[in-house]
Amino acid sequence: MVAKGPALLKREHLRRQPVTLRASRLHCIVLDTSGSMRQRGRLALAKGHAAFMIEQAARQGDDVALLRFGGQGVELLLPPGRARAAGSQRLRPVGGGGGTPLAEALAQADRLLQRTLRLSGPTECWLWLLTDGRTLEQPQAPVAAQHLVIVDFDDPHKTLGRCAAWAARWGAEHRLALPAA
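Residues numbered from 1 in each chain as written. Predicted model: local features only at pLDDT ≥ 70, side-chain atom pairs only at ≥ 80, totals over all residues. Heavy atoms only, no water.

Caption draft 1: The arrangement of the pattern of salt bridges in detail. Here the structure, examined in full by the defined rule, presents 8 salt bridges. Asp 132 is the salt-bridge partner of Arg 42, the closest N and O atoms lying 3.7 Å from each other. A residue pair is termed long-range when its members are at least 10 positions apart, and Arg 42 in helix H1 (residues 42-60) and Asp 132 in the loop between strand E4 (123-131) and strand E5 (147-152) qualify at 90 residues. Judged by its relative accessible area of 2%, Arg 42 is buried. Of the charged contacts, one joins Arg 82 and Asp 63 as a salt bridge, the two residues approaching to 3.2 Å between their closest N and O atoms. Here the residue Arg 82 occupies a position in strand E3 (residues 73-82), and Asp 63 occupies one in strand E2 (residues 63-70), the gap between them amounting to 19 residues. Since its relative accessible area comes to 46%, Arg 82 is described here as partly exposed. (Salt bridge = Lys/Arg side-chain N within 4 Å of Asp/Glu carboxyl O. Helix = DSSP H or I, 4+ residues; strand = E, 2+ residues; numbered from the N terminus. Buried < 20%, exposed > 50% of the residue type's maximum accessible area, 1.4 Å probe, protein only.)

Caption draft 2: Molecular detail of the nonpolar core. The biggest cluster of nonpolar side chains holds 25 residues, and the ones touching the most others in it are Cys 28, Val 30, Leu 113, Leu 127, Leu 129 and Trp 170. Those elements giving two or more residues to this core turn out to be strand E1 (24-32), E2, helix H2 (102-120), E4, E5 and helix H3 (162-170). Ranked by residues supplied to this core, first place goes to H2 with 6 residues. Setting aside anything within four residues of it in sequence, one finds Val 30 in contact with Leu 67, Phe 69, Ala 105, Ala 109, Leu 127, Trp 128, Leu 129 and Leu 130. (Core = buried A, V, L, I, M, F, W, Y, C linked by side-chain atoms within 4.5 Å. Contact = heavy atoms within 4.5 Å.)

Caption draft 3: Broad picture of the pairing of E1. Most of E1 sits inside the fold, with 8 of its 9 residues counted as buried. In this sheet, E4 lies alongside E1 in parallel orientation, the contact comprising 8 bridges. Along E4, the bridge assignment pairs Leu 26 with Cys 125. (Pairing = 2+ DSSP bridges.)

Caption draft 4: Geometry of the sheet that holds E3. Reading across the sheet, the 6 strands line up as E3-E2-E1-E4-E5-E6 and stay open at both edges, with mixed pairing between neighbours. Strands with a single pairing partner mark the edges of an open sheet, and in this sheet they are E3 and strand E6 (173-176). Direction aside, the axes of adjacent strands within the sheet are offset by 15 degrees on average. Sheet topology places E1 next to E2; 7 bridges connect them, and they run parallel. Bridging across to E2, Val 30 finds its partner in Leu 67. (Axes fitted to C-alpha atoms, helices over the stretch in contact; angles between N-to-C directions.)

Caption draft 5: Representation of the side chain of Thr 135 in the model. Inspection of the secondary structure puts Thr 135 in the loop between E4 and E5. Residues in contact with Thr 135, not counting those within four places in the same chain, are Thr 100, Leu 102, Arg 162 and Trp 166.

Caption draft 6: View of the environment of Gln 108. Among the structural elements, Gln 108 can be located in helix H2. Between the C-alpha atoms of Gln 108 and Pro 142, which are 34 residues apart in sequence, the distance is 9.3 Å. If near-sequence neighbours (up to four positions away) are discounted, Gln 108 is found in contact with Leu 67, Val 74 and Leu 76.

Right under this line is the structure:
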């Protein structure tokens, strides 16, 4: 409209603004539901964190996938697809207990991300690991994720430091979920 001024609108007055498109983005959330996560409300906090992440992804038009792992093994709660705020409801009935099959969960998440890349083309893959790190496993980093974030739910007063060590070894971002009070 600036180019037009007071004159009648003509084709030559119109300006084209390039639109920058970003690649689609998939957030793969891997939630620890092992027995240690049931202590001190860590699992409830982690479920709330995951629900918030799903709702944020929905607002941004991103895709999301959700896996849980614990004493019952690894379970895909939300297959990769467009994030919907209602997807966070899948977390409500999730309980916890048992062991921590972390390596199996990360391997399954990696396969899921690789399949998504094969089928969908260029996709920015984020892997979010929500755990307290209370396992003796020393898993390898998933290779298909371009961004790795470990959200550490370990006890800040008696931390084992495994999440921070994995993040350093993998070149991942390490975030503390529980503030040291």
